[in-house]
Amino acid sequence: MNWNDISIKQYNEIKDLYLDTELSDEDRLILQINIIFGVDALKLKTSELHKYVNEMKFLATKPPKMKLKKEYQLGNNVYTLKKDLRNLTVAQWIDWQNFLKDGGGDTDNYANLLSVFFFPKDVDEYGDGYDIEQVRQDINNHLSIAEAMSISSFFLLYRKTSLLLFLLYTKRQTLKAPLTKEEKKKVKKEFKKLIITTLRGD
């Protein structure tokens, strides 16, 4: 058992357990075993409980970085990951930005964010001829949290890099205009703030 065996859905359910401050450690452990292994911990023998606890030790570590694949088997369906953002359509970009605006890069929002880039195998057009809600369900229920985090980080880094390049280009073009010394100083100051904000991901 490791992070590759934990789906996005399971990860979020476990995360919610630790956000619930009213749960006792014992209740949290019982519910966690049920989420991960699908068994009722209350019916386990002590020796069996220890076995499950040992198998969950990986939860104390960080999910590993995973190499992005071209295709993913999610449940009974195969999906192609469209990671070349140069081919991104306007519709995809708008949906991606709206999902980021609504839920950010939080793991609870992964199914929405990643559905923009997961296409059923042999499908080339975004949202054309397939059920996107099914895609989100498959991502949430079957994509491992380790893979989801790696894919999400890839796209968020690409977005940040693109924004930085755009800001730097715009800054150079603006400074080419006939501005006074004070105006140029103000422009540089404003762009510096924008670049710092972009780097922080605010």
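Residues numbered from 1 in each chain as written. Predicted model: local features only at pLDDT ≥ 70, side-chain atom pairs only at ≥ 80, totals over all residues. Heavy atoms only, no water.

1. Here we look at the overall build of the chain
Right, so step 1: Scanning the chain from terminus to terminus reveals eight helices and three strands.
Right, so step 2: Listed N to C, the secondary structure of the chain is α-α-α-β-β-α-α-β-α-α-α in terms of helices and strands.
Right, so step 3: When the 202 residues of the chain are sorted by exposure, 34% land in the buried category. (Helix = DSSP H or I, 4+ residues; strand = E, 2+ residues; numbered from the N terminus. Buried < 20%, exposed > 50% of the residue type's maximum accessible area, 1.4 Å probe, protein only.)

2. A few points about helix α1 (residues 8-19)
Right, so step 1: Spanning 12 residues, α1 covers 16 Å between terminal C-alpha atoms, matching the ideal 16 Å at 1.5 Å per step.
Right, so step 2: Among the residues making up α1, those that are buried are Ile8, Gln10, Asn12, Ile14 and Leu17. (Expected span 1.5 Å × (residues − 1).)

3. Digging into the pairing of strand β1 (residues 71-74)
Right, so step 1: On β1, burial follows the alternation: Tyr72 and Leu74 on one face are buried, whereas Glu71 and Gln73 on the facing-out side are not.
Right, so step 2: In this sheet, strand β2 (residues 77-81) lies alongside β1 in antiparallel orientation, the contact comprising four bridges. Counterpart to glutamate 71 in the pairing with β2 is threonine 80.
Right, so step 3: Taking the residues that link successive antiparallel strands as the turn, the β1-β2 hairpin has two residues, and the phi of glycine 75 there is positive, at about 65 degrees. (Pairing = 2+ DSSP bridges.)

4. Side note on the packing of helix α2 (residues 25-37) against helix α3 (residues 46-55)
Right, so step 1: Axis separation between α2 and α3 bottoms out at 11 Å; the angle between their running directions is 70 degrees. As the angle between them shows, α2 and α3 are arranged roughly perpendicular. Side by side, α2 and α3 meet where Leu29, Ile33 and Phe37 of the first sit next to Leu49, Tyr52, Val53 and Glu55 of the second.
Right, so step 2: Counted by class, the contact of α2 with α3 contains six nonpolar, no polar and one charged residues. (Axes fitted to C-alpha atoms, helices over the stretch in contact; angles between N-to-C directions. Parallel < 35°, antiparallel > 145°, perpendicular 65-115°, else oblique. Contact = heavy atoms within 4.5 Å. Nonpolar A, V, L, I, M, F, W, Y, C, P; charged D, E, K, R; others polar.)

5. Remarks on empty space enclosed by the protein
The rolling of a water-molecule-sized probe over the atoms marks out the regions of remaining empty space.
Right, so step 1: Under the defined criterion, the tally for this structure stands at one cavity of 30 Å³ or more.
Right, so step 2: Looking at the largest cavity, its volume works out to about 40 Å³.
Right, so step 3: Every residue along the wall of the largest cavity is listed here: Trp96, Leu113, Leu114, Phe117, Ser152, Phe155 and Leu156.
Right, so step 4: For the lining of the largest cavity, the leading source of residues is helix α7 (residues 145-175), giving three residues.
Right, so step 5: Of the residues belonging to the lining of the largest cavity, the class tally is six nonpolar, one polar and no charged. (1 Å grid on protein atoms, 1.4 Å probe; cavity = no way out; pocket = protein on both sides within 12 Å on 5 of 7 lines; lining within 4 Å. Points joined across faces, edges and corners; volume = space filled by probe spheres on them.)

6. Let's talk about the layout of surface pockets
Right, so step 1: As a volume, the second largest pocket reaches approximately 160 Å³.
Right, so step 2: Forming the boundary of the second largest pocket are Pro63, Pro64, Lys65, Met66, Leu68, Ala146, Met149, Ser150 and Ser153.
Right, so step 3: The residue makeup of the lining of the second largest pocket, split by class, is six nonpolar, two polar and one charged.

7. Description of the sheet that holds β2
Right, so step 1: As summarised here, the arrangement of the three strands in space is β1-β2-β3, forming an open sheet in which the pairing is antiparallel. Of all strands in the sheet, those bounded by a partner on one side alone are β1 and β3 (118-120). Within the sheet, the average angular offset between the axes of one strand and its neighbour, ignoring direction, is 40 degrees.
Right, so step 2: Pairing analysis gives three bridges linking β2 to β3, with the strands arranged antiparallel. Residue pairing across strands places leucine 81 opposite phenylalanine 118, the latter belonging to β3.
Right, so step 3: Lying over the sheet, helix α6 (residues 132-142) contacts β1, β2 and β3, oriented at roughly 95 degrees with respect to β2.

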